[in-house]
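# A closer look at the structure
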Amino acid sequence: MNDTCWVPFDMMERFMVDVFKGVGVPEADARVCADVLITADKRGIDSHGAGRLKSIYYDRIVKDRIQEPVTRFEVVRDQAATAVVDGHNGMGMVIARRCMEMAIAKARTYGLGMVVARNSTHYGIAGYYTLMACEAGMIGLTGTNARPSIAPTFGVENMLGTNPLVFGMPTDEPFAFTNDYATSITQRGKIELYAREGRSLKQGWVIDRDGQSKTDSAAVLQDLIKGTAALTPLGGIGEDMGGYKGYGYATVVEILSAALQQGAFLKQLLGIENGKKVPYRLGHFFMAVNVEAFTDLAAFKKTTGDILRALRASQRAPGAERIYTCGEKEYRVGLERKDKGVPLNAVLQKEMLAMRDELGLKGYRFPFE
């Protein structure tokens with residue numbers, strides 16, 4: 001096998017649909033799950049795309065049996081502009097998409113819509129759901145808690161998840177503004193990516209119980225599970241560079257992902273009880289804001305675009321080629337990858353072949369074979 005091979009998007013998406021179906025996910029839901037993952041790859045977010053198909057979804061359904069392939073989506077409270085959902089440990093992408101659809105529908109009627117979910121699972125890239133709102137002419141907001149990873153400022157114990165706080169806003173440009181990232185300096189998916197590529201982490205991304213930086217990506221993944229390493233919040237170690245700000249935002253996400261829906265939080269999300277793997281019981285929140293409840297949508301898009309264009313046109317630092325705004329790099333990567341597909345390194349190639357052979361998906365022969 002080659003070291004890295006590009007697999008066409010349509011082939012990779014079909015394969016993922018068939019893998020999800022092969023482990024018991026209904027076809028319509030399988031298509032949603034595959035769409036979320038392929039969208040990550042199309043936007044260059046390789047930490048959350050096809051590379052997570054086996055470890056985060058396939059293995060948790062087939063091997064660990066801690067995730068339900070058939071999603072029981074239960075609305076436990078539904079009021080005018082709000083709702084609370086229980087996902088019963090089903091497919092996080094399916095739960096999340098339906099929650100944002102509900103939020104958008106409520107925003108059409110009431111101007112604002114907010115839906116929160118409990119007992120869910122990993123929902124892929126958060127930006128997928130804010131882009132749904134943008135496509136509906138709305139502002140989108142979402143966040144999710146996750147396995148304990150981030151240490152509080154002045155602490156060394158992994159307590160908070162990577163907890164993204166993500167907005168999406170429609171513009172008059174070819175791409176929406178969306179800030180799709182964690183409230184830690186890095187996130188577990190990127191560490192997984194570095195480990196697959198045999199790369200060392202940067203100083204200050206991860207600390208051990210003595211508060212010292214750890215850079216061995218493969219060892220860090222194990223240490224995060226054991227609780228002997230922790231990610232640092234946005235801003236880094238201590239307060240001097242504003243680490244307390246990332247810590248504060250991560251806590252906001254934890255509260256909104258657990259308190260409103262009375263879901264699990266912090267160490268309850270470890271996925272281990274009495275030495276055995278158990279469902280993660282994640283919580284999410286989704287908000288849609290109907291722009292036309294405030295102003296004309298075209299005017300909003302233009303003003304937003306004007307702000308972004310002014311930022312990109314501002315004076316650059318010496319040696320800098322250009323200034324970017326959120327969502328632009330992902331859009332440009334999408335254009336570059338359109339005819340190339342998904343990059344799979346040797347580790348991921350083996351994973352794809354293993355799933356194909358285990359499920360008997362004989363109709364697939366990959367370019368790297």
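It should be noted that the structure appears before, not after, this text.
So, here is what we can say about the structure in this document. Keep in mind it's a predicted model, so treat the numbers as computed, not measured. (Residues numbered from 1 in each chain as written. Predicted model: local features only at pLDDT ≥ 70, side-chain atom pairs only at ≥ 80, totals over all residues. Heavy atoms only, no water.)

### Quick look at the sheet that holds strand E3 (residues 82–86)
Put simply, the rule is: A pair of strands counts as paired when DSSP detects no fewer than two bridges linking them. The helix count covers DSSP runs of H or I at least four residues long, the strand count covers runs of E at least two residues long, and both are numbered beginning at the N terminus. When checking whether two residues touch, look at their non-hydrogen atoms; a contact exists if any pair is within 4.5 Å. Note on geometry: axes are C-alpha line fits, over the in-contact stretch for helices, and angles between N-to-C directions span 0 to 180 degrees.
One open sheet accounts for 7 strands, arranged E2-E3-E4-E12-E5-E6-E7; its pairing is mixed. This sheet does not close on itself; its edge strands, each paired only once, are strand E2 (74–78) and strand E7 (177–178). Taken together, the 5 bridges between E3 and strand E4 (residues 112–120) define a ladder with parallel strand orientation. The partner of Val 85 across the bridge, within E4, is Ala 117. Those strands touched by helix H4 (residues 92–110) are E2, E3, E4, strand E5 (138–144) and strand E12 (282–290), and its axis lies near 160° from that of E4.

### Remarks on the packing of helix H1 (residues 9–22) against helix H2 (residues 27–42)
Two packed helices can be described by the angle between their axes and the distance between those axes. Just so we agree on the cut-off: For classification purposes, an angle smaller than 35 degrees is called roughly parallel, one larger than 145 roughly antiparallel, one from 65 to 115 roughly perpendicular, and anything else oblique. Here is the rule for handedness: rotate from the far helix to the near one, and if that takes an anticlockwise turn smaller than a right angle the crossing is left-handed, while a clockwise turn gives right-handed. Each residue is assigned to one of three groups, with Ala, Val, Leu, Ile, Met, Phe, Trp, Tyr, Cys and Pro labelled nonpolar, Asp, Glu, Lys and Arg labelled charged, and all others, Gly among them, labelled polar.
In contact at an axis separation of 8 Å, H1 and H2 are set at 140° when each is read in the N-to-C sense. Between H1 and H2, the angle is such that the two are oblique. Like other packed secondary-structure pairs, H1 and H2 cross with a definite hand, here right-handed. Between H1 and H2, the residues in contact are Phe 9, Met 12, Glu 13, Met 16, Val 17, Phe 20 and Lys 21 and Glu 27, Ala 30, Arg 31, Cys 33, Ala 34, Asp 35, Leu 37, Ile 38, Asp 41 and Lys 42, respectively. Split into classes, the residues belonging to the contact of H1 with H2 amount to 10 nonpolar, no polar and 7 charged.

### Some details on the pattern of salt bridges
Selection criterion: The rule for a salt bridge is simple: a side-chain nitrogen of Lys or Arg has to be within 4 Å of a carboxyl oxygen of Asp or Glu. Accessibility here uses a 1.4 Å probe with only protein chains present; expressed as a share of the type maximum, an area under 20% marks a residue as buried, one over 50% as exposed, and anything in between as partly exposed.
Tallying each qualifying case throughout the model produces 27 salt bridges. Between Asp 10 and Arg 14 there is a salt bridge whose closest N-O contact spans 3.9 Å. Residue Asp 10 and its partner Arg 14 are both found in helix H1; the two are separated by 4 residues, about one turn of the helix. In this structure Asp 10 comes out as partly exposed when scored by relative accessible area, which is 48%. Residue Asp 18 pairs with Lys 21 through a salt bridge whose shortest N-O separation is 4.0 Å. One end of the pair, Asp 18, and the other, Lys 21, are both in helix H1, 3 residues apart, so they sit about a helical turn from each other. Within the structure, one salt-bridge network assembled from shared partners comprises Asp 172, Glu 173, Lys 302, Asp 306, Arg 309, Arg 312, Arg 322, Glu 328 and Arg 332.

### Regarding unusual backbone geometry
Backbone geometry places Asn 89, a non-glycine residue, at a positive phi of 60°. Along the chain, Asn 89 turns up in the loop between E3 and H4. The class of Asn 89 is buried, set by a relative accessible area of 17%. A positive phi angle, close to 45°, is found at Leu 266, a residue other than glycine. A relative accessible area of 24% means that Leu 266 is categorised as partly exposed.

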